[in-house]
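Commentary on secondary and tertiary structure
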Amino acid sequence: MRTLIAQPLTAAAFAPFGGVVAWPGGAGRAINEGSSRRADLDCALQLDAHGGRPLLAIYRAAARAFPFAAATLERHRHGTQTFIPLGSARFVILVAAAGATPQPDRLMAFLSDGRQGVSLAPGTWHHGLLAVDAADFAVIERAAPVEDCDLAPLAPPVWVALA
C-alpha cells in the first residue's frame, strides 16, 4: 500500500482543490467601532445549484489514529463543502482532483494547523473528516431535496501519515 505524508496546508498548495479558510495576513479593516478586524476571504461558496440552499452544521469528530488506511473517497458535484475547526483542532484533508473517478496516484494529503479550515470546490474528491484532535467543526454545505454525495473505493487503500 502507498503511504502519503500529510504536508502543511497552504493556500497555494491547496488551490487546485478549493480554498483555505484562515486569516489571510495583514491587518484587515476595522469594523464594529474599531473593536474587530474583518478580512474577506476568496473562497467562493457554491450552495444553490439544483435547488440547493446553505446549511450550517456542527460535526463532532473523534480523533483518528494515524497512520490511517483510507479506503473510500466522496465528492459533492453540486456544491462546496467547508470545514472550520472550532478551537484549535488539527485535521487532515485527503483530496484528489475533480473528475469521473479519483486518481489514486494523484492523491494529496494536507495537515491543518488547527487555525485553518478548508472550502472544497464542487466535485473535489475527498475523504470524510480526519480529525487529528477530537473537536467540533462548523460545516457549511449544500442542502437539497436530492442528496449530492458520490462514493468511490480506493483499491488498494492508501495510508495517510503525519510527518
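This write-up is about the structure you can find in this document. (Residues numbered from 1 in each chain as written. Predicted model: local features only at pLDDT ≥ 70, side-chain atom pairs only at ≥ 80, totals over all residues. Heavy atoms only, no water.)

**Some words on the overall build of the chain**
In terms of regular secondary structure, the chain is built from 1 helix and 15 strands. Among the 163 residues that make up the chain, the fraction classed as buried is 40%. In the chain, once contacts between residues fewer than 6 apart in sequence are set aside, the share between residues at least 24 apart is 83%. Averaging the coordinates of the 13 positive side-chain charges in the chain and doing the same for the 13 negative ones gives two points 3 Å apart. (Helix = DSSP H or I, 4+ residues; strand = E, 2+ residues; numbered from the N terminus. Buried < 20%, exposed > 50% of the residue type's maximum accessible area, 1.4 Å probe, protein only. Contact = heavy atoms within 4.5 Å. Lys, Arg positive; Asp, Glu negative; His and termini not counted. Charge placed at Lys NZ, Arg CZ, Asp CG, Glu CD.)

**Quick notes on the sheet that holds strand 8 (residues 81-86)**
Pairing is antiparallel in the open sheet, where 5 strands are placed in the order 3-11-8-14-6. Each end of this open sheet is capped by a strand with a single partner; those strands are strand 3 (18-21) and strand 6 (53-61). This sheet shows a mean twist of 20° between the axes of neighbouring strands, independent of strand direction. (Pairing = 2+ DSSP bridges. Axes fitted to C-alpha atoms, helices over the stretch in contact; angles between N-to-C directions.)

**Digging into the nonpolar core**
The biggest cluster of nonpolar side chains holds 18 residues, and the ones touching the most others in it are Phe14, Ile93 and Phe137. Listing elements by their share of this core, those giving two or more residues are strand 9 (91-96), strand 11 (117-120) and strand 14 (135-143). If we skip the residues at most four places from it in the chain, Phe14 touches Leu9, Gly19, Val20, Ile93, Val95, Phe110, Val118, Ser119 and Leu120. Ranked by size, the runner-up nonpolar core spans 17 residues in total, among them Ala6, Trp125, Leu154 and Val160. (Core = buried A, V, L, I, M, F, W, Y, C linked by side-chain atoms within 4.5 Å.)

**Here we look at the pattern of salt bridges**
Applying the stated criterion across every chain yields a total of 8 salt bridges. Two residues, Arg29 and Asp40, come together in a salt bridge whose shortest N-O distance is 3.3 Å. Of this pair, Arg29 sits in strand 4 (residues 29-31) while Asp40 sits in the loop between strand 5 (36-38) and strand 6, and the two are 11 residues apart along the sequence. Judged by relative accessible area, which is 41%, Arg29 ranks as partly exposed. In this structure, the salt-bridge partner of Asp113 is Arg115, at a minimum N-O distance of 3.2 Å. Because the salt bridges share partners, they merge into one network encompassing Arg29, Arg38 and Asp40. (Salt bridge = Lys/Arg side-chain N within 4 Å of Asp/Glu carboxyl O.)

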